[in-house]
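Survey of secondary and tertiary structure
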There are 2 protein chains.
Amino acid sequence: MKQPQILAFDIFGTVVDWHGSVAREVQALLPGVDGDAFALAWRAGYQPAMRRVMSGELGWTLIDDLHRLILDGLLTQFGVTDLSEAQKIELNRVWHRLDAWPDSVAGLQRLKTRFTICTLSNGNIGLLTNMAKRAGLPWDCILSAEVFRAYKPDPATYLGVAKVFDVSPADVMLVAAHQDDLAAARACGLATAYIERPLEFGAPRPKDVSPDPANTWHATSLTQLAEQLGC
Amino acid sequence: MKQPQILAFDIFGTVVDWHGSVAREVQALLPGVDGDAFALAWRAGYQPAMRRVMSGELGWTLIDDLHRLILDGLLTQFGVTDLSEAQKIELNRVWHRLDAWPDSVAGLQRLKTRFTICTLSNGNIGLLTNMAKRAGLPWDCILSAEVFRAYKPDPATYLGVAKVFDVSPADVMLVAAHQDDLAAARACGLATAYIERPLEFGAPRPKDVSPDPANTWHATSLTQLAEQLGC
């Protein structure tokens with residue numbers, strides 16, 4: 001099988017554990033709040049917020065600012081009234097401090113020896129760079145919705161990766177833990193690899209990680225994907 | 001002195017040796033052509049080509065495509081008529097294969113321990129990523145005219161770095177071997193570091209590398225800059 005040249009990675013849930021990282025920080029900062037529920041609600045606000053941008057209701061907005069919009073609503077909803085503005089800014093940046101899944105750094109280091117590895121996330125460039133520096137994610141290049149001025153699943157993002165590297169869509173493979181992201185990439189002609197992340201939403205609610213035969217690869221971790229690709 | 005958080009690097013001439021790299025490849029591919037003169041002429045075509053974009057005569061154009069425009073003219077000018085299309089494409093990509101100056105990798109590795117280090121080049125993202133991967137340049141993030149849809153010295157590029165990282169312009173320092181680039185960055189409020197690259201245009205024509213006291217730092221190499229910044 002012909003291998004792609006470029007591996008583009010979804011980030012939240014695929015490479016880093018947003019649920020565990022956010023829940024832990026919220027719990028530590030706000031002991032009276034259910035960190036697990038707060039993390040889920042914050043993430044659940046993300047798609048509707050992006051839809052407000054896509055529909056034109058909001059102008060182009062960085063994910064940092066969408067996260068803050070959602071956070072302000074959640075603080076009210078969870079009855080938190082005693083955070084200073086500086087504390088809110090710091091809490092909002094928890095999305096820059098997400099921990100990698102245990103296999104991510106080792107898997108990426110192996111994949112990087114044979115492929116160009118880049119992010120393809122709706123997260124903004126600054127967020128993705130700060131996250132990578134803290135967690136040791138060895139990207140060759142940070143690509144983001146911010147570069148393409150469009151969020152996934154807009155075809156401009158998937159096709160944008162091929163354009164940046166001047167290759168055909170089939171030379172790019174999206175690596176993600178979400179079947180809808182992979183399906184949208186496939187519709188643009190990209191190869192796809194599904195990564196099982198059963199604990200993405202926390203241990204109490206394991207995610208369905210059944211294989212979809214439409215994907216080019218299916219792996220339990222980034223190290224297993226490296227194995228499959230001969231790295 | 002308060003130190004910046006982000007170091008943004010000019011690339012061509014500052015981090016990599018475009019003249020020597022291009023001259024060597026041209027000489028090897030086209031033994032009848034003066035590689036030194038060809039490299040100088042190719043680079044000399046760069047500013048006028050960017051001006052055609054800035055003036056609106058050309059639409060937004062990646063540097064890869066500007067390089068090719070200039071190359072086609074040069075091949076005629078130097079009497080080269082026997083290259084295939086595939087050979088021209090390959091030759092044009094010499095700009096992805098530029099060698100780093102001897103101190104660059106070690107200097108960047110040291111600077112990366114304390115600062116976020118990114119490119120800020122008129123080169124396109126694919127070019128800069130391929131170059132970094134080949135030469136081992138350990139960027140935290142690849143920023144480029146392509147991200148900002150403007151070439152240096154447009155203020156949108158210098159201020160764009162501060163915006164990406166959500167910091168003030170004074171928290172960003174441009175590192176470059178060109179006083180005009182640094183002056184434009186300073187006018188936007190950035191700190192500046194000049195790097196001496198006397199051989200940028202080849203050994204027969206050493207460049208004036210006199211200090212300008214307006215710069216925050218002046219160093220003979222990226223390793224010396226690391227030394228000065230306490231890395």
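Residues numbered from 1 in each chain as written. Chains lettered and ligands numbered in written order. Predicted model: local features only at pLDDT ≥ 70, side-chain atom pairs only at ≥ 80, totals over all residues.

1. Things to note about the interface of chain B and chain A
Filter applied, for reference: Remark: residues whose backbone-derived C-beta atoms lie within 7 Å of one another are considered to be in contact. Starting at the N terminus, helices and strands are each numbered in turn, a helix being any DSSP run of H or I of at least four residues and a strand any DSSP run of E of at least two. In the scheme used here, Gly and all other residues not listed as nonpolar or charged are polar, with Ala, Val, Leu, Ile, Met, Phe, Trp, Tyr, Cys and Pro taken as nonpolar and Asp, Glu, Lys and Arg as charged.
Listed as interface residues are 14 residues of chain B and, on the opposing side, 14 residues of chain A. Among the elements of the structure, α7 (125-135) and β3 (141-144) of chain B are those that each provide at least two residues to the side of chain B that touches chain A. It is α7 of chain B that provides the largest number of residues to the side of chain B that touches chain A, a total of five residues. Classifying every residue of the side of chain B that touches chain A by side-chain character gives seven nonpolar, three polar and four charged.

2. Observations regarding the pairing of strand β1 (residues 6-9) of chain B
Residues and elements named next belong to chain B. Put simply, the rule reads: Counting other C-beta atoms within 10 Å of a residue's C-beta gives its exposure: the residue is buried at 20 or more, exposed at 12 or fewer, and partly exposed in between, where C-beta atoms are placed from the backbone. Whether two strands pair depends on DSSP finding at least two bridges between them.
Burial along β1 is two-sided: the face carrying Ile-6 and Ala-8 and the face carrying Leu-7 and Phe-9 are both buried. Bridge count for β1 against strand β2 (residues 116-121) is four bridges, and the pairing is parallel. Bridge pairing links Ile-6 to Thr-116 in β2. Where β1 meets strand β4 (residues 172-176), four bridges bridge the pair, whose relative direction is parallel.

3. Notes on the nonpolar core
To keep things clear, this is the line we draw: Put simply, a nonpolar core is buried Ala, Val, Leu, Ile, Met, Phe, Trp, Tyr and Cys residues tied into one set by C-beta atoms within 7 Å.
Of all hydrophobic cores here, the largest spans 138 residues; its most connected members are Val-161 of chain A together with Val-161 of chain B. Excluding residues within four positions of it along the chain, Val-161 of chain B makes contact with Ile-6, Ala-8, Cys-118, Leu-120, Leu-143 and Val-172 of chain B.

4. Digging into the domain arrangement of chain A
Many authors give the size of an interface as the accessible area that is lost as the parts come together. All names here are of chain A. Which entries qualify depends on this criterion: What fixes the domain bounds is an automatic or database domain assignment.
Segmentation of chain A into domains returns domain 1 (6-17 + 99-228) and domain 2 (18-96). Here the C-alpha centre of domain 2 lies 23 Å away from the C-alpha centre of domain 1. Counting from both sides, the interface comprises 17 residues of domain 1 and, opposite them, 15 residues of domain 2. Split into classes, the residues belonging to the side of domain 1 that touches domain 2 amount to six nonpolar, six polar and five charged.

5. What about the relation of the copies chain B and chain A?
Which entries qualify depends on this criterion: Residues reaching a pLDDT of at least 70 in both copies supply the C-alpha atoms on which the copies are superposed by least squares.
Once chain B has been moved 0.0 Å along the axis and rotated by 180 degrees, it coincides with chain A to within an RMSD of 0.0 Å. Such a combination of turn and shift is consistent with a two-fold rotation axis. No C-alpha of chain B lies nearer the rotation axis than that of Val-147 of chain B, which sits 2.8 Å from it. Mapped onto chain A, 100% of the interface residues of chain B are again interface residues, and the two copies thus contact each other with one and the same surface.

6. A look at the packing of helix α2 (residues 35-44) of chain B against helix α4 (residues 63-77) of chain B
Residue and element names in this part refer to chain B. The following threshold applies: Lines fitted to C-alpha atoms define the axes, with helix axes restricted to the stretch in contact, and inter-axis angles between N-to-C directions lie between 0 and 180 degrees. Our angle categories are set so that under 35 degrees counts as roughly parallel, over 145 as roughly antiparallel, 65 to 115 as roughly perpendicular, and the remainder as oblique. Should the near helix be turned anticlockwise from the far one by less than a right angle, the crossing is termed left-handed; should it be turned clockwise, right-handed.
Where α2 meets α4, the axes come as close as 9 Å, and the angle between the chain directions of the two elements is 140 degrees. With respect to α4, the axis of α2 lies oblique. α2 and α4 meet at a crossing whose hand is right-handed. Contacts between α2 and α4 involve Phe-38, Ala-41 and Trp-42 from the former and Ile-70, Leu-71 and Leu-74 from the latter. Taken together, the residues that form the contact of α2 with α4 break down as six nonpolar, no polar and no charged.

7. Concerning the sheet that holds strand β1 (residues 6-9) of chain A
Residue and element names in this part refer to chain A. With parallel pairing, the six strands of this open sheet are ordered in space as β3-β2-β1-β4-β5-β6. Looking along the sheet, the strands with just one partner apiece sit at the ends: β3 (141-144) and β6 (217-219). The sheet shows a mean angle of 25 degrees between the axes of neighbouring strands, taken without regard to direction. By the bridge criterion, four bridges tie strand β4 (residues 172-176) to strand β5 (residues 191-195) in an arrangement that is parallel. Within β5, the residue paired with Val-175 across the bridge is Ala-193.

8. Concerning the environment of Ala-44 of chain B
Topologically, Ala-44 of chain B is positioned in helix α2. Using a count of 11 C-beta atoms within 10 Å as the deciding quantity, one classes Ala-44 of chain B as exposed.

9. A few points about the sheet that holds β3 of chain B
Residues and elements named next belong to chain B. Taken together, the six strands give an open sheet; going across it, the order is β3-β2-β1-β4-β5-β6, and neighbouring strands pair in parallel fashion. With partners counted over all chains shown, the strands left at the sheet margins are β3 and β6 (217-219), one partner each. On average, adjacent strands in this sheet sit at an angle of 25 degrees to one another, irrespective of strand direction. Set on the sheet, α7 makes contact with β2 and β3; between it and β3 the angle comes to about 145 degrees.

10. Some remarks on the packing of helix α3 (residues 46-54) of chain B against α4 of chain B
All names here are of chain B. Here α3 crosses α4 at 120 degrees, and the two axes come no closer than 10 Å. Our classification of the angle between α3 and α4 gives oblique. As for the relative orientation of α3 and α4, their crossing is right-handed in sense. Between α3 and α4, the contacting residues are Tyr-46, Ala-49 and Met-50 on the first element and Leu-66, Leu-69 and Ile-70 on the second. Counted by class, the contact of α3 with α4 contains six nonpolar, no polar and no charged residues.

11. Comments concerning the pairing of β4 of chain A
This is how the line gets drawn: Crossovers are marked right-handed if the path from the first strand over the helix to the second runs clockwise, as seen with the strands pointing away from the viewer.
Of all five residues that make up β4 of chain A, five are buried, and the element is covered over most of its length. Handedness of the crossover is the feature at issue here: the chain leaves β4 of chain A, passes through helix α10 (residues 179-187) of chain A, returns alongside β5 of chain A, and the resulting connection is right-handed.

12. Here's the deal with the environment of Asp-65 of chain B
Inspection of the secondary structure assignment puts Asp-65 of chain B in helix α4. Asp-65 of chain B sits 27 residues away from Asn-92 of chain B along the chain, and the two C-alpha atoms are 8.9 Å apart.

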